[in-house]
Protein chains: 2
Amino acid sequence: MKIGIIGTGHVGGTLGSRWAQGGHDVTFGTRHPDSPEIQNLLAKSGGSARAATVAQAVANSAVVLLATPWNAARDAIAGAGNLSGKVLIDAMNPLLPDMSGLAAGTTTSAGELVAQWAPEARVVKAFNSVGYNTMAEPVFGDERAVMFYCGDDTGAKQTVRDLAAQLGFDPVDAGPLNRARLLEPFALLWISLAYGGYSREIGFRFMRREARAGA
Amino acid sequence: MKIGIIGTGHVGGTLGSRWAQGGHDVTFGTRHPDSPEIQNLLAKSGGSARAATVAQAVANSAVVLLATPWNAARDAIAGAGNLSGKVLIDAMNPLLPDMSGLAAGTTTSAGELVAQWAPEARVVKAFNSVGYNTMAEPVFGDERAVMFYCGDDTGAKQTVRDLAAQLGFDPVDAGPLNRARLLEPFALLWISLAYGGYSREIGFRFMRREARAGA
């Protein structure tokens, strides 16, 4: 799979290098391809990964991960070139600068705004609800952390589902794109725990069981 | 512990009867104490439980569980009498009638509105994020489902924490009351899964692990 990464911070870097290690064809979009950060990322990613401009990373890819800070997202999309038909994975949360809440409320969501700004793309909300360290290792002991995703395009969601499963996540379909209104607060819950009494080494397992007699 | 239950549906009924079975002194507040539903609830709860008016249930209790439908909540509080100093557990979600979203957005939450309407109470948001069947049995195999709670009163939160732990939950402090803005969408996530591809026999485990080397 040809994957472009927009936003090469913790999330984009972790997912991109892990996908590259798994055999995917990864292009990191960046204005600073020679920076130590990007060079380090490429060294971690293995031989198939490369750095290019954002527009080139998009043009070269069928799947684009969008993992910029929220306040950079709109410009990043505007500069991304033709997204027609691309699977665009929105891994962002519209956090207020002090992380006290969400800049986009339950009357809409970052995922839906992204779909408005990139109407030709097949937007899937995913990879927004745990920290990068969990993306690096989604398995706790022998249990897989859940990864929720949502969107309105069945094929795009299946692609994202496979990408999550390949990393070791337990992927769970959370429904249409407007369920981003749930997954974004869910992410802030994770964040508030990770920075408010626990550590980043936390995650959620989605448990299923048979209905009990009499239940 | 003397516990009053306002709202004797699935959530209030399950929690009230389980608390009663565990030795707590439970009063179900109801306008229809002789109805088959309430009589059935009392039979399940054991000898110590009783039915009374809502005002009596509140007057008789140190802890009050509020588990009415959202559109009945404000009136229920207005009719509850003196809530001064009571631990008021808000187990509701402000769901739109078709469950497509939340009637109260991320600029506020049901938990915070409850605190406005009952300024003298020590409000804790809890027991809103899983279904009643999980409240009946929070253990999946040998794993406890998480129960988040939040609030601004430390003592009240400790009380709710203990009540959750006694039921078999893994109680986790999610911070101040405005974190209800996260726990309410989290609940809708559970709901949308339970009714959209899974069953009610689902839950979340909160996993912790040691930081890995190099992470």
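Please refer to the structure higher up on the page.
Which parts of the structure should I look at to understand the sheet that holds strand β5 (residues 87-90) of chain A?
Two pairing modes exist for strands in a sheet, parallel and antiparallel, and in both the strands are linked by backbone hydrogen bonds. Residues and elements named next belong to chain A. Read from one edge of the open sheet, 8 strands run β3-β2-β1-β4-β5-β6-β9-β10, paired in mixed fashion. Both outer strands of the open sheet, β3 (50-52) and β10 (170-173), are each paired with one neighbouring strand and no more. Each strand of the sheet is rotated relative to its neighbour by a mean of 25°, with strand direction disregarded. The sheet contact formed by strand β6 (residues 122-126) and strand β9 (residues 146-151) spans 3 bridges and is antiparallel. In the strand pairing of β9, A126 is matched with Y149.

Explain the interface of chain B and chain A here, please?
With 43 residues of chain B in contact, the opposing surface of chain A contributes 43 residues. Where chain B abuts chain A, roughly 3700 Å² becomes buried across the two surfaces, and 62% of that area is made up of carbon and sulfur atoms. Considering only the side of chain B, the residues that lose the most area to chain A are E201, M207 and R209 of chain B, jointly responsible for 22% of the buried surface there. Across the contact surface, chain B and chain A share 4 salt bridges.

Where do I start with the relation of the copies chain B and chain A in this structure?
Superposition record for chain B on chain A: RMSD 0.0 Å, screw rotation 180°, translation along axis 0.0 Å. Those values place the two copies in the arrangement expected of a two-fold rotation axis. By C-alpha distance to the rotation axis, the residue of chain B lying nearest is R205 of chain B, at 2.5 Å.

Help me understand the pairing of β9 of chain A, please; the structure alone is not making it clear to me.
If a strand is regular, its side chains alternate between the two faces of the sheet. Residue and element names in this part refer to chain A. Of all 6 residues in β9, 6 are buried; the element is thus mostly enclosed. Residues of β9 alternate between two faces, with V146, F148 and C150 on one and M147, Y149 and G151 on the opposite face, all of them buried. Looking at chain direction, β9 and β10 are connected through 4 bridges and run parallel. Within the sheet, the bridge partner assigned to F148 lies in β10 and is V172. Running through helix α7 (residues 154-167), the crossover from β9 to the neighbouring parallel element β10 is right-handed.

It is not clear to me how the pattern of salt bridges should be interpreted in this structure. Could you clarify?
Two side chains that carry opposite charge are able to pair once their charged atoms sit near each other. Overall, the coordinates contain 18 salt bridges over all chains when judged by the stated rule. Between R208 of chain A and D170 of chain A there is a salt bridge, with its nearest N and O atoms 2.6 Å apart. Of the two residues, R208 of chain A is situated in strand β11 (residues 202-208) and D170 of chain A in strand β10; the sequence distance between them amounts to 38 residues. Residue classification places R208 of chain A among the partly exposed positions, given a relative accessible area of 40%. Overall, D170 of chain A belongs to the buried group, its relative accessible area being 7%. In this structure, E201 of chain A and R209 of chain B form a salt bridge, with 2.6 Å as the shortest nitrogen-oxygen distance. Of this pair, E201 of chain A sits in the loop between α8 (180-194) and β11 while R209 of chain B sits in the segment after β11 (202-208), placing the two residues on different chains.

Help me understand the environment of I5 of chain B in this model?
Residue and element names in this part refer to chain B. Relative to the elements of secondary structure, I5 occurs in strand β1 (residues 2-6). Relative accessible area serves as the criterion here: at 0%, I5 is assigned to the buried category. Spatially, the C-alpha atoms of I5 and G79 are 13 Å apart, while their sequence positions differ by 74 residues. Discounting residues that sit within four places of it in the chain, I5 has contacts with G12, G16, W19, V26, T27, F28, G29 and L65.

Rules of the game
- Residues numbered from 1 in each chain as written.
- Chains lettered and ligands numbered in written order.
- Predicted model: local features only at pLDDT ≥ 70, side-chain atom pairs only at ≥ 80, totals over all residues.
- Heavy atoms only, no water.
- Pairing = 2+ DSSP bridges.
- Helix = DSSP H or I, 4+ residues; strand = E, 2+ residues; numbered from the N terminus.
- Axes fitted to C-alpha atoms, helices over the stretch in contact; angles between N-to-C directions.
- Contact = heavy atoms within 4.5 Å.
- Buried area = accessible area lost by both parts, 1.4 Å probe.
- Salt bridge = Lys/Arg side-chain N within 4 Å of Asp/Glu carboxyl O.
- Least-squares fit on C-alpha atoms with pLDDT ≥ 70 in both.
- Buried < 20%, exposed > 50% of the residue type's maximum accessible area, 1.4 Å probe, protein only.
- Right-handed = clockwise from strand over helix to strand, strands pointing away.

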